[in-house]
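Next come the chains, spelled out residue by residue.
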Amino acid sequence: MTKPTFYITTPIYYPNDTLHIGHSYTTVAADALARYKRLRGYDVMYLTGTDEHGQKIQKRAEEAGKDVMEFLDEIIAWIRDLWDKLDISYDDFIRTTEPRHTKVVEEIFERLIEQGDIYLDAYEGWYCTPCESFWAERELKDGKCPDCGREVHFVREPSYFFRMSKYVDRLLQFYEENPDFIQPESRKNEMINNFIKPGLQDLCVSRTSFDWGVRVRSNPKHVVYVWLDALTNYITAIGYGSDNPADREKFERYWPANVHFVGKEIVRFHVIYWPIILMALGLPLPKKVYGHGFLLMKDGKMSKSKGNVIDPKLLIERYGSDAIRYFLLREIPFGQDGVFTPDSLVERLNYDLANDLGNLVHRTTAMVHKFSGGVIPVPAGYQAQDQALIDLALQTVKDVEAHMDEMQFSLALSDIWKVVRQANKYIDDTAPWALYKNGDTDRLNTVLYTMTDVIRMVAVLIQPFLPRTASEILRRYKIDAEAAKWDALYSFGAASSGQTVEQGNPLFPRLDIKAELAALAELTGKRAGTEAAAQTATKQEVKQVSEKQTQEQQVVEKSNLIGIDTFSQVELRVGQIQSAERVEGADKLLKLQVDLGSEVRQIVSGIAKHFTTDELVGQKVVVVANLKPVKLRGVQSNGMILAASEGDLLKLVTVPETIPNGAVVK
Ligand code: MSP
């Protein structure tokens, strides 16, 4: 049986410089969808590449004192290395300087001249070189580029034009008949109101004032306008116009594309010019163009001159590729803008990855070893408590599928994390350590098996987003290939009893927040901004985004009340103090080792004046178990113990001996 196909593309990036974390965002999102579709049994074609022609590139190479191809080759090597480091599973990488592309662009241009869709005239108007876009006087904003706010310059040169106006009615009809073509929906009205209603101008499609581009065959003084050249990559890469029958077959197989992922600033090119070019060529139109939002910095858009760009390779080196992928996909709802802050990155990594997912796997592995000799046990009948978790996991598969259909990656991840959190709670509620102590082996085996198979399901579900972590979990739990398939998510119980689970290092380290924030400040390398005007415009954008993000928080702050959701984020557990010793040079501090059932935690507490070390050992206390680690007098503290105080009086909040270590306080 032939598989259904799924063709997904990213924009092809300008290699005038190395890429930043914003560019990585599009590519990571497309990768998550490509991986997901492969898991769902599709024959996926995931295309990315580089847009190598145009004035901007030529200028940059000259400034660098390099031959243009030599300049490009170095940057393309850097970009491919970035995609390798981020585990981007692209199927093809197109460079617009490759003959498979340039030859076809030349031919298309000639054909469109012959058809009368392209005609020779002269252009007079404004040009924004960084955006490579033409603007009429009335479209400028305060005399600057309406897209990026930068200087434009006046161009007067003979040019070929594309008769866009001829196709406007067909385009509007296409929008009408395909209401899902432009996503999110709001971008469609923006396009119609801003560009189509005022009257779509014929597009200038050649330049003569520089020569770094595809030459027009019948008139080589002209080079093809870089956007016409670039958009065509989506068809040349899969064999359109090739003489080779295998290439042509490939084109038939994958075209039309299922989705083009693009940043919102280039939606216009993809939903107006690109469909019209395709109509002129008599080709079907892509099924969807998804215009996602921007990843902004606190002081606006990322830009080299502002000194606020983040090199994704430095982030990957420090935190690993999965952590960065997770952050990008979880933090910013796809389609909306989001602000990158070091705090939000560290919090996501500490809470979601180290605390929730990492801890779930670590605890479970530790318990399978401690209570079952490292072997996945055979379950002995499920009870309501188990079934509730199993049902949630099975329902989550449906939720994730629905959110992936809508390309809502942050929601799909949030669905998965509900299971992760619930599984941690299940462990607390079922208290396997108590079952072990009481010799309740049947129940213990069921609980351990349930934990294990939920972890299997989580590992399969996170494959598109965190591919490395997923394979590491599947490897440690010896999940066979069949049980790691998406279809194996529709029923519970595919993990193999009898397999020995491998213990390993924590999947994600807990980060020291202070140290990380200092390191991240260094990585962003703050420099005074120079683009004052652009900065003000984008600050407005950041303000709107942050306002939205903090709305909920403000409601809470005003009333001084917190919701149950906020409270339940605090993880309180029963711990037993195993040892206590004074911290040198600090008369108030004690270093405690506290047994939390599945681990022993070091906690530094300011209670030295109230207790002798001996009277503390053996006490059962309440521990705030998910506090960010801090260093007190150079000693790491991973939590806090609760105490009540009044004046000089201080007493520990204690728990009866019968409650096992690790039990949840709620
Ligand atoms: N070469 C054109 C695209 C041609 S596609 C036929 C181009 N290249 S670009 O390198 O300037 O940017 C490409 C894409 O990078 C943007 O559309 C967007 O997808 C992504 N991003 C660049 N900065 C970004 C952020 N700060 N945030 C999110 N995405 C960003 O335009």
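Not measured: the values here are computed from a predicted model.

1. Quick look at the overall build of the protein chain
Check the secondary structure of the protein chain and you find 22 helices and 23 strands. With respect to the three principal axes, the spread of C-alpha positions in the protein chain is 90 × 60 × 45 Å. For the protein chain, long-range pairs separated by at least 24 residues make up 77% of all intrachain contacts whose partners lie at least 6 apart in sequence. Of the roughly 28700 Å² of accessible surface on the protein chain, a fraction of 50% belongs to carbon and sulfur atoms. The distance from the centre of the 80 positive side-chain charges to the centre of the 92 negative ones in the protein chain is 2 Å.

2. Details of the site of the ligand
Looking at the ligand, there are 24 residues lining it, with Ile12, Thr26, Asp51, Gly263 and Leu295 nearest. At 2.9 Å from a nitrogen atom of the ligand is found a main-chain nitrogen or oxygen belonging to Leu295. Here the ligand, which alone exposes 660 Å², has 92% of that area covered by the protein. At the level of elements, helix H1 (21–39), helix H7 (226–231), helix H8 (233–236) and strand E11 (259–263) are the ones that each hand at least two residues to the shell around the ligand. The biggest single contributor to the shell around the ligand is H1, with four residues. In terms of residue class, the shell around the ligand is made up of 13 nonpolar, nine polar and two charged.

3. A word on the sheet that holds strand E15 (residues 572–582)
Strand order in the open sheet formed by five strands is E17-E16-E15-E18-E21, with antiparallel pairing between adjacent strands. Edge positions in the sheet fall to strand E17 (600–605) and strand E21 (640–641), since each of these pairs with one other strand and no more. Taken together, the six bridges between E15 and strand E16 (residues 590–595) define a ladder with antiparallel strand orientation. Among the inter-strand pairings, Gln576 is bridged to a residue of E16, identified as Asp595.

4. A look at the packing of helix H13 (residues 342–372) against helix H15 (residues 409–430)
Each pair of packed helices gets described by two things: the angle between the helix axes and the distance between those axes. At a minimum axis separation of 10 Å, H13 and H15 run at an interaxial angle of 45°. Between H13 and H15, the interaxial angle falls into the category oblique. Of the two possible hands of crossing, H13 and H15 adopt the one that is left-handed. Here Asp352, Leu353, Asn355, Asp356, Leu357, Asn359, Leu360, Arg363, Thr364 and Met367 of H13 come into contact with H15, specifically with Trp417, Val420, Arg421, Ala423, Asn424, Ile427 and Asp428. Along the lines of polarity and charge, the residues of the contact of H13 with H15 split into eight nonpolar, four polar and five charged.

5. Observations concerning the environment of Gly41
Along the chain, the position of Gly41 falls in the loop between H1 and strand E2 (43–50). Using a relative accessible area of 29% as the deciding quantity, one classes Gly41 as partly exposed. Taking C-alpha positions, Gly41 is 9.0 Å from Thr5, a pair spaced 36 residues apart along the chain.

Basis of the calculations
- Residues numbered from 1 in each chain as written.
- Predicted model: local features only at pLDDT ≥ 70, side-chain atom pairs only at ≥ 80, totals over all residues.
- Heavy atoms only, no water.
- Helix = DSSP H or I, 4+ residues; strand = E, 2+ residues; numbered from the N terminus.
- Contact = heavy atoms within 4.5 Å.
- Areas by Shrake-Rupley, 256 points an atom, 1.4 Å probe, with all protein chains shown as cover.
- Lys, Arg positive; Asp, Glu negative; His and termini not counted.
- Charge placed at Lys NZ, Arg CZ, Asp CG, Glu CD.
- Near = heavy atom within 4 Å.
- Polar contact = N/O pair within 3.5 Å; in protein donor to acceptor, adjacent residues only side chain to side chain.
- Nonpolar A, V, L, I, M, F, W, Y, C, P; charged D, E, K, R; others polar.
- Pairing = 2+ DSSP bridges.
- Axes fitted to C-alpha atoms, helices over the stretch in contact; angles between N-to-C directions.
- Parallel < 35°, antiparallel > 145°, perpendicular 65-115°, else oblique.
- Left-handed = near helix turned anticlockwise from the far one by under 90°.
- Buried < 20%, exposed > 50% of the residue type's maximum accessible area, 1.4 Å probe, protein only.

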